Amino acid sequence: MISLRVSDLKQYIYCPRILYYYYVLPVPRRVTRKMEYGKIEHVEIQQQEKRRGLKPYGVLEGKRDFQVYLSSSRLGLHGVLDMMITSANGDIYPVDFKHSLRKKDLHQKYQLTAYAMLLEEAFLRPVRFGFLYLIPAKAIVPVEITTSMREHVKKVISAIRKVATAEKMPGYIRSARRCVDCEFRNYCADVG
Ligand code: SF4
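This one's a predicted model, so the numbers in the text were calculated from it and none came from an experiment.

About the criteria used
- Residues numbered from 1 in each chain as written.
- Predicted model: local features only at pLDDT ≥ 70, side-chain atom pairs only at ≥ 80, totals over all residues.
- Near = placed C-beta within 6 Å.
- Helix = DSSP H or I, 4+ residues; strand = E, 2+ residues; numbered from the N terminus.
- Buried ≥ 20, exposed ≤ 12 C-beta atoms within 10 Å, placed from the backbone.
- Pairing = 2+ DSSP bridges.
- Contact = placed C-beta atoms within 7 Å.

Q: Please provide a residue-by-residue account of the site of the ligand, values included.
A: Near the ligand you find eleven residues, and of these Cys15, Arg17, Cys179, Cys182 and Cys188 are the closest. Mapped by element, the contributors of at least two residues to the shell around the ligand are helix 2 (17-23) and helix 6 (176-179).

Given below as structure tokens:
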């Protein structure tokens, strides 16, 4: 079983075809200015986070770890979590840094849930909450990790695996509006 990346969830929710280009018919990809800038921003946030307390996360005492590599052979999933908070009593919380302004982007919630599930398996502790750190707004959004979100993550993982192992390009286009900004637009002849 191939190990999928947590970021695949976001891509699948954006458009299932992107996963076809990743796993079945790899096409050349370019590192965009946005990606480079994103990496620099993440380093800056790490520096800021190291200087402040954990109160904004509702934790009085604890520690932060950055760029935590997590993997699960059971889920067939791996990823690098931006930040993990461990409270003094051993509770753990995933924190995902995001470039979005919107608090309700579904893919963000599900990626965070996937990280929570990976943390639970790695540290054998239940994870009930995580946080999205919205970079442009400098806002911290708490997210409850619910049973239905966990179930949905498992369904998406299974759907991605189907795309990754099928020889056929998914016919379904989630939204033609998304094609305008998509880096794979040149390869999708049928979207105009
Ligand atoms: S161009 Fe459109 S259909 Fe093709 S991968 Fe991108 S979003 Fe999906």
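Still to come is the rest of the account.
Q: Lay out the environment of Gly171 in plain terms, naming residues and giving numbers.
A: Tracing the sequence through the fold places Gly171 in the loop between helix 5 (147-165) and helix 6. On a C-alpha basis, the gap between Gly171 and Gly79 in space is 28 Å, while along the polypeptide they are 92 residues apart.

Q: Give me the pairing of strand 5 (residues 129-134): which residues, what numbers.
A: Of all six residues making up strand 5, five are buried, and the element is well covered by its neighbours. Bridge count between strand 4 (residues 92-98) and strand 5: four bridges; the pairing is parallel. Directly across from Lys98, in strand 5, lies its bridge partner Leu134.

Q: Any chance you could break down the environment of Thr86 for me, citing the residues and the numbers?
A: Secondary-structure assignment places Thr86 in strand 3 (residues 77-87). On a C-alpha basis, the gap between Thr86 and Val59 in space is 8.8 Å, while along the polypeptide they are 27 residues apart. The contact partners of Thr86, leaving out residues within four places of it in the chain, are Gly62, Lys63 and Ile92.

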